[in-house]
Amino acid sequence: MPKIIENLQGSILQAANEILFEQGFKDFSIRSVAKKLGIAPATIYNYYNSKEGILEALVDCAWQELMDTIDCEIAEISEPVAALGKIYELFQNSMNPLFTHWITADPKALPPDHPDEHAILAKKQKIGEELTKRIENVLIRCGQDATYAPVYAKLFIMCSHHSKLTFDEIVSAIKALQ
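Heads up: these notes are all about the structure in this document. Because the structure is a prediction, the values reported are computed rather than measured. (Residues numbered from 1 in each chain as written. Predicted model: local features only at pLDDT ≥ 70, side-chain atom pairs only at ≥ 80, totals over all residues. Heavy atoms only, no water.)

**Examining helix H2 (residues 30-37)**
Here is step 1: Those residues of H2 that fall on the buried side of the exposure criterion are Ile30, Ser32, Val33, Ala34 and Leu37.
Here is step 2: Elements that come into contact with the buried residues of H2 comprise helix H1 (8-23), helix H3 (41-44) and helix H4 (51-74).
Here is step 3: Looking one or two residues beyond H2, the residue adopting positive phi is glycine 38, at roughly 75°. (Buried < 20%, exposed > 50% of the residue type's maximum accessible area, 1.4 Å probe, protein only. Helix = DSSP H or I, 4+ residues; strand = E, 2+ residues; numbered from the N terminus. Contact = heavy atoms within 4.5 Å.)

Here it is as structure tokens:
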């Protein structure tokens with residue numbers, strides 16, 4: 001009798017996420033996810049056409065969760081620097097191998113079986129655009145000029161890989177350039 005799993009698509013993502021964080025990308029495969037769930041690998045292909053498809057779905061879910069968290073956390077902050085600092089903090093704290101895998105500066109540095117460079121660049125662009133929208137909304141809501149929102153977004157993305165770099169240091173660097 002076939003194994004019945006409620007919300008199989010969600011279970012696939014949960015199992016994949018656990019494997020990624022326990023064993024890393026190197027040991028991640030459709031077969032490892034299927035084994036963890038006790039199902040045939042072919043069953044997973046009904047939902048995802050590759051391990052990269054699973055990775056992208058995980059990134060999309062984690063990204064949406066981060067955007068929702070940012071929206072909630074900054075809703076009541078009326079001071080622009082405090083709001084931008086909170087966005088940076090949340091974004092930086094979300095940096096994990098999964099996000100870094102997709103927003104790394106050099107797609108050629110990724111494993112050879114990773115999706116092509118165009119998929120990576122498209123994902124990076126989407127992430128940058130959504131982060132920019134959040135920053136623009138904060139600046140406008142706080143009565144500030146939103147012209148530099150894309151610059152802040154790029155800075156946040158670039159600096160988020162350096163866990164020791166604080167938002168105050170970014171602000172100081174921006175002031176020094178002005």
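Further notes follow.
**A short note on helix H5 (residues 80-94)**
Here is step 1: Compared with the 21 Å implied by 1.5 Å per residue over 15 residues, the 21 Å span of H5 between its first and last C-alpha is a close match.
Here is step 2: Regarding H5, the residues found buried are Pro80, Ala83, Leu84, Gly85, Ile87, Tyr88, Leu90, Phe91, Gln92 and Ser94.
Here is step 3: Its side-chain oxygen 3.2 Å from the backbone nitrogen of valine 81, glutamate 79 forms the N-cap of H5. (Expected span 1.5 Å × (residues − 1). Polar contact = N/O pair within 3.5 Å; in protein donor to acceptor, adjacent residues only side chain to side chain.)

**Digging into the packing of H5 against helix H8 (residues 149-159)**
Here is step 1: The N-to-C vectors of H5 and H8 enclose an angle of 35°; their axes lie 10 Å apart at closest approach. As H5 runs across H8, the sense of the crossing is right-handed. Across from Leu84, Ile87, Tyr88, Phe91 and Gln92 in H5, the residues of H8 making contact are Tyr152, Phe156, Ile157 and Cys159.
Here is step 2: Looking at the contact of H5 with H8, its residues break down into eight nonpolar, one polar and no charged. (Axes fitted to C-alpha atoms, helices over the stretch in contact; angles between N-to-C directions. Left-handed = near helix turned anticlockwise from the far one by under 90°. Nonpolar A, V, L, I, M, F, W, Y, C, P; charged D, E, K, R; others polar.)

**Side note on the side chain of serine 32**
Here is step 1: In this structure, serine 32 sits in helix H2.
Here is step 2: Beyond its immediate chain neighbours, meaning those up to four positions away, serine 32 contacts Ile19 and Asp27.

**Overview of the pattern of salt bridges**
Here is step 1: Scanning the entire structure with this criterion turns up four salt bridges.
Here is step 2: For lysine 36, the salt bridge is made with glutamate 18, and the minimal N-O distance between the two is 3.4 Å. With lysine 36 in helix H2 and glutamate 18 in helix H1, this residue pair connects regions lying 18 residues apart in the sequence.
Here is step 3: Since its relative accessible area comes to 39%, lysine 36 is described here as partly exposed.
Here is step 4: Among the salt bridges present, the one from arginine 134 reaches aspartate 71, with a minimum N-O distance of 2.7 Å. (Salt bridge = Lys/Arg side-chain N within 4 Å of Asp/Glu carboxyl O.)

**Topic: the environment of asparagine 17**
Here is step 1: The residue asparagine 17 is located in helix H1 in this model.
Here is step 2: For asparagine 17, a relative accessible area of 28% gives the class partly exposed.
Here is step 3: Linking asparagine 17 and leucine 58, residues 41 residues apart in sequence, is a C-alpha distance of 7.2 Å.

**Focus: the nonpolar core**
Here is step 1: Of all hydrophobic cores here, the largest spans 27 residues; its most connected members are Ile87, Leu131, Ile135 and Phe156.
Here is step 2: Breaking this core down by element, the ones donating at least two residues are H4, H5, helix H7 (117-141), H8 and helix H9 (167-177).
Here is step 3: Among residues more than four places away in sequence, those in contact with leucine 131 are Trp63, Met67, Ile87, Phe91, Ala153, Phe156 and Ile157. (Core = buried A, V, L, I, M, F, W, Y, C linked by side-chain atoms within 4.5 Å.)

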